[in-house]
Amino acid sequence: MPMLERRAHKYYTLSGLNNSFKSGDITASEIVEYFLANIQKIDPKIKAFQTIYHKSALDAGKACDLAFSSGDRIGPFHGVPFVLKDICELKGKITTGGSAVNIRRKSKETAVVAKRLLSAGGILLGKTKTVEFAFGGWGTNQRMGTPKNPWDNKNHRVCGGSSAGSAAALAADMAICAIGTDTGGSVRIPAAFCGLAGLKVTKDLLPTDGIIPLSHTLDTPGPMARTLMDMTIMFEVLRGVDGQKIDQDIRKNRGIFTFLTKSIKGLKVGSINDTDRKMCSSEVLHCYDKALLALESQGAVINLYDPPIAYSEISSRMSNIIASEAYYHHGHLYDDMQSPMDEDVRARVLSAKLIDTCTYIDLLEGRKKAEKGFFDSMQKFDVLVTPTVSDEAPIVSRVDQSISPGHFTRPFNYVGMCALSIQMGLSKIGLPLGLQVVARPNSEALAIQVGAAVERMTRPIF
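Bear in mind the structure is a predicted one, so any value in this text is a computation, not a measurement.

A. Geometry of the overall build of the protein chain. For the protein chain, the helix and strand inventory stands at 16 helices and 11 strands. Relative to the globule expectation of 23 Å for 462 residues, the C-alpha radius of gyration of the protein chain, 21 Å, shows essentially globular dimensions. If one aligns the C-alpha atoms of the protein chain with their principal axes, the spans along those axes are about 60 × 60 × 40 Å. By the burial criterion, 61% of the 462 residues in the protein chain qualify as buried. Taking the intrachain contacts of the protein chain between residues at least 6 apart in sequence as the baseline, contacts between residues at least 24 apart amount to 76%. Accessible area of the protein chain: about 18100 Å², with a carbon and sulfur share of 52%. When the 55 basic and 47 acidic side-chain charges of the protein chain are each reduced to a single mean position, those positions are 3 Å apart.

In structure tokens form, the structure reads like this:
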């Protein structure tokens with residue numbers, strides 16, 4: 001497909017591809033063939049995919065061609081090639097959850113979020129690799145393989161976790177968009193390390209039915225894409241909004257899409273304090289301060305925000321909650337020392353054996369108090385803005401598995417807020433750095449509004 005290869009930039013985003021479908025500039029079959037060719041060429045090096053659905057993707061592309069030629073286009077996600085993190089069930093297909101013990105495990109149901117994407121006409125290219133049972137922020141997997149960050153051709157750098165394969169597939173141009181899940185940063189961290197937009201939604205806004213659980217009180221599925229527009233379209237599809245309504249909202253610039261162009265003048269933005277600045281590399285701080293200046297130049301009011309509980313303390317509490325709930329769901333596998341489990345994850349899961357019932361209940365009650373404390377402390381702010389991660393993606397061999405990269409992401413799972421990550425520039429060696437925008441529960445549109453203001457002032461990296 002030489003013509004498509006020369007013009008590939010026109011189909012690099014969901015919104016761009018959607019416009020090309022409507023104009024007849026390209027067919028769904030052609031774009032599916034393009035991505036499958038890319039996967040065949042690129043993935044042996046990147047190793048983002050757990051499973052590739054070659055035949056069914058081609059068949060779905062042909063079905064979309066027929067629908068488009070008959071005038072039966074059902075919305076902006078119709079014909080869009082996407083990938084699923086391999087903890088999302090797909091009936092009759094193998095879902096490993098990133099664990100070698102599940103290498104032949106067939107799903108008995110399809111995750112609700114997957115059903116919504118497929119019902120909207122999306123074309124599933126395959127399942128992407130994940131940290132075992134999604135328990136890890138670096139994106140490593142000893143048994144099933146660690147995807148390579150596409151931004152470094154020489155070194156094997158992490159993609160961030162646990163949605164590592166989803167982020168790698170997008171960054172390497174092997175899909176248009178992806179599903180990840182976020183328990184303590186597992187959408188936002190890989191989005192930051194791979195230069196993408198990723199959304200951690202308000203807890204229970206999107207259903208987790210049919211998603212292998214890690215920590216049921218914290219798990220949230222979420223969209224990943226290359227731009228905020230694409231991420232927002234995907235978010236609407238995941239919420240179950242009718243495709244024709246999404247089309248109309250985009251065309252008439254209404255609903256959530258108004259927030260992509262809405263002024264931020266007068267919005268009150270909280271920035272990180274000196275303690276948290278010390279957690280960051282100089283390059284992260286340089287890009288972070290530039291992002292704050294971009295917001296201020298558009299009329300936002302920036303003031304220092306001091307959290308009522310230190311982010312580092314929250315991270316420790318999160319570790320205990322996640323471990324306790326992970327042990328409830330998967331502990332029997334890790335107790336069996338003969339099971340072929342990831343030993344880094346085994347250590348995290350089995351740490352729950354030191355946490356008794358009273359301590360677990362205290363942790364949950366502490367969350368309720370912390371939520372009130374955070375909401376009270378945010379009365380003078382509309383959003384908080386932090387770096388997503390404190391440094392660029394490290395080389396795999398240098399990762400310290402005893403430390404989570406979720407210093408800035410975990411607190412907002414803990415207190416039930418929504419948050420997104422967008423790219424805010426590149427490090428000196430050309431690796432992406434991420435900015436996090438945090439808003440109160442069910443205020444995803446506000447986070448998108450502020451994120452879009454930064455996106456407008458930031459040079460595209462793709």
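Right, picking up where we left off after that structure.
B. Layout of unusual backbone geometry. Of note, the bond from Gly 161 into Ser 162 is cis; its omega dihedral lies within 30 degrees of zero at 10°. Looking at where Ser 162 falls in the secondary structure, it is placed in the loop between strand S3 (123–128) and helix H6 (164–171). Not every positive phi belongs to a glycine, and Phe 133 is a case in point at roughly 50°. Take Phe 133: it is sitting in the loop between S3 and H6. Even without being a glycine, Asp 173 presents a positive backbone phi close to 60°. Following the sequence through the fold, Asp 173 ends up in the loop between H6 and strand S4 (177–182).

C. The arrangement of the pairing of strand S2 (residues 81–85) in detail. In terms of residue burial, S2 counts as a mostly covered element, since 5 of its 5 residues are buried. Side chains Pro 81, Val 83 and Lys 85 project from S2 onto one buried face, and the interleaved Phe 82 and Leu 84 project onto a second face that is buried too. For S2 and S3, the ladder comprises 5 bridges, and the chain directions are parallel. Opposite Val 83, over in S3, you have Gly 126 as the bridge partner. Handedness of the crossover joining S2 and S3 through helix H5 (residues 112–119) is recorded here as right-handed. Sheet topology places S2 next to S4; 3 bridges connect them, and they run parallel. Opposite Val 83, over in S4, you have Ala 178 as the bridge partner.

D. Just the environment of Ile 179, in detail. Examined against the element boundaries, Ile 179 turns out to sit in strand S4. Assessed through its relative accessible area of 0%, Ile 179 is described here as buried. Between the alpha carbons of Ile 179 and Met 224 there is a distance of 6.1 Å; along the sequence they are 45 residues apart. Non-local contacts of Ile 179, meaning those with residues more than four positions away in its chain, are made with Val 83, Leu 84, Lys 85, Cys 88, Leu 117, Ser 166, Gly 222, Met 234 and Leu 238.

E. Looking closely at the packing of aromatic side chains. As enumerated under the stated definition, the model contains 8 aromatic pairs in all. A ring pair is formed by Phe 21 and Phe 68, whose centres lie 5.1 Å apart and whose planes are at 50°; its orientation type is tilted. Separated by 47 residues along the polypeptide, Phe 21 in helix H2 (residues 14–23) and Phe 68 in helix H4 (residues 54–69) bring together distant segments of the chain. When the centroid spacing of 6.5 Å and the interplanar angle of 90° are considered together, the rings of Phe 374 and Phe 412 count as edge-to-face.

F. Examining the environment of Phe 21 more closely. Judged by relative accessible area, which is 7%, Phe 21 ranks as buried. Ignoring anything within four residues of it in the chain, the contact list for Phe 21 reads Ile 26, Thr 27, Ala 28, Ile 31, Phe 68, His 78, Gly 79 and Val 80.

The rules behind each value
Residues numbered from 1 in each chain as written. Predicted model: local features only at pLDDT ≥ 70, side-chain atom pairs only at ≥ 80, totals over all residues. Heavy atoms only, no water. Helix = DSSP H or I, 4+ residues; strand = E, 2+ residues; numbered from the N terminus. Rg over C-alpha atoms; globule rule 2.2 N^0.38 Å. Buried < 20%, exposed > 50% of the residue type's maximum accessible area, 1.4 Å probe, protein only. Contact = heavy atoms within 4.5 Å. Areas by Shrake-Rupley, 256 points an atom, 1.4 Å probe, with all protein chains shown as cover. Lys, Arg positive; Asp, Glu negative; His and termini not counted. Charge placed at Lys NZ, Arg CZ, Asp CG, Glu CD. Pairing = 2+ DSSP bridges. Right-handed = clockwise from strand over helix to strand, strands pointing away. Phe/Tyr/Trp six-rings, centres within 6.5 Å; stacked < 30°, edge-to-face > 60°.

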